[in-house]
Amino acid sequence: MSGFKMWDDFTQKEIRDKYKHVNGILYHLKDSGKNGRWYKAGDPVKVYKNSRGYLCFKFWRSDGYSLVIKVHRVVWYLEHGTQVKMIDHVDRNRENNAPDNLRESTSQENAFNRGKLDGCKSKYKGVIRTQNNKWCAQISINRRKVHLGVFLDEVDAAKAYDEAAKEHFGDYASLNF
């Protein structure tokens, strides 16, 4: 994730004072302006999905400065009291911001949890079809492709990928089965 800038102390305090979350959904703690013209305490925060599929909202500080903030970052901060550079969605669903679905990760660990790429002939991650209609299992480890074997059955190749992924990527492995 590029471009994340840690929030200053003022922004952190305002986030704590303005929002709470219930199972990853943000709610306002106070009415807006006079008589809650735009929202009331307890109303859910209005969010939108950005171009990468993350839920975001526009946060206005009391000094008039505004930021676009990702919901999962606020949930993490409210839950743990800290900010981290990278947050991984365990189930790869960017709309599921429940605390038990969020974990701190490195950029590499986050990449381990990616799903199958679009446009592949196989239904499974780590499996490609060879020219003679067999199935080849492969995995990338430290930016190098490692050949895991050639199989007659696509499912067997996918199982070989899963075993290697568990071994090399641990809890961050994105498995086929």
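The structure displayed is predicted, hence computed values, not measured ones. (Residues numbered from 1 in each chain as written. Predicted model: local features only at pLDDT ≥ 70, side-chain atom pairs only at ≥ 80, totals over all residues. Heavy atoms only, no water.)

Colleague: Run through helix H4 (residues 154-169), naming residues and quoting values.
Modeller: In a regular helix each residue adds 1.5 Å, so 16 residues correspond to 22 Å; H4 covers 22 Å between its end C-alpha atoms and thus fits that length. By the burial criterion, the buried members of H4 are Glu154, Ala157, Ala158, Ala160, Tyr161, Asp162, Ala164, Ala165 and Phe169. Buried positions along H4 lie against helix H3 (107-112), strand S8 (127-129), strand S9 (135-141) and strand S10 (144-151). Residue Gly170 follows H4 closely and has a positive phi angle near 60 degrees. (Helix = DSSP H or I, 4+ residues; strand = E, 2+ residues; numbered from the N terminus. Expected span 1.5 Å × (residues − 1). Buried < 20%, exposed > 50% of the residue type's maximum accessible area, 1.4 Å probe, protein only. Contact = heavy atoms within 4.5 Å.)

Colleague: Before we move on, could you go through the layout of surface pockets and cite the residues and values that matter?
Modeller: Estimates place the volume of the second largest pocket at around 480 Å³. Looking at the second largest pocket, it is lined by 17 residues, and the ones nearest its centre are Tyr19, His28, Ser32, Tyr39 and Trp60. Elements with a contribution of two residues or more to the lining of the second largest pocket: helix H1 (9-18) and strand S4 (55-60). At three residues, the largest contribution of residues to the lining of the second largest pocket is made by S4. (1 Å grid on protein atoms, 1.4 Å probe; cavity = no way out; pocket = protein on both sides within 12 Å on 5 of 7 lines; lining within 4 Å. Points joined across faces, edges and corners; volume = space filled by probe spheres on them.)

Colleague: Help me get a handle on the nonpolar core, residues and values and all.
Modeller: Counting residues in hydrophobic clusters, the biggest one holds 18 residues, and the most contacted among them are Ile15, Leu26, Phe57, Phe59, Ile69 and Val74. Elements that contribute at least two residues to this core include exactly S4, strand S5 (66-70) and helix H2 (71-80). For this core, the element with the highest residue contribution is H2, accounting for five residues. The contacts of Phe57, once residues within four sequence positions are left out, are Tyr19, Leu26, Val45, Lys46, Val47, Tyr48, Leu67, Val68, Ile69, Val71 and Val74. Residues Phe112, Ile139, Ile141 and Tyr161 belong to the second largest nonpolar core, which totals nine residues. (Core = buried A, V, L, I, M, F, W, Y, C linked by side-chain atoms within 4.5 Å.)

Colleague: Can you explain the environment of Asp162? Please cite residues and give values.
Modeller: Tracing the chain through its elements places Asp162 in helix H4. C-alpha of Asp162 to C-alpha of Phe177: the two residues are 15 residues apart in sequence and 7.5 Å apart in space. Apart from residues no more than four positions distant in its own chain, Asp162 is found in contact with Leu175, Asn176 and Phe177.

Colleague: Would you mind going over H2 in detail, with residue names and values included?
Modeller: H2 sits mainly inside the fold: seven of its 10 residues count as buried. What H2 keeps buried is the set Val71, His72, Arg73, Val74, Val75, Trp76 and Tyr77. Directly after H2, the chain includes Gly81, whose backbone phi takes a positive value near 75 degrees.

Colleague: Could you give an account of the packing of H1 against H2, naming the residues involved and the relevant values?
Modeller: Put simply, H1 and H2 touch, their axes get as near as 11 Å, and they point 85 degrees apart. Between H1 and H2, the interaxial angle falls into the category roughly perpendicular. Residues Gln12, Ile15 and Arg16 of H1 lie in contact with H2, whose contacting residues are Val74, Tyr77 and Leu78. Here the contact of H1 with H2 is composed, by residue class, of four nonpolar, one polar and one charged. (Axes fitted to C-alpha atoms, helices over the stretch in contact; angles between N-to-C directions. Parallel < 35°, antiparallel > 145°, perpendicular 65-115°, else oblique. Nonpolar A, V, L, I, M, F, W, Y, C, P; charged D, E, K, R; others polar.)

Colleague: Could you give me a rundown of the sheet that holds S8, with the residues and numbers involved?
Modeller: With antiparallel pairing, three strands are arranged side by side in an open sheet as S8-S9-S10. Bordering the open sheet on either side are S8 and S10, each of which pairs with just one other strand. Averaged over neighbouring strand pairs, the angle between their axes works out to 30 degrees when direction is ignored. Sheet topology note: the S8/S9 ladder contains three bridges and is antiparallel. Each residue of the ladder has a partner; that of Ile128, found in S9, is Cys136. Helix-sheet contacts for H4 involve S8, S9 and S10, and the interaxial angle to S9 is about 15 degrees. (Pairing = 2+ DSSP bridges.)

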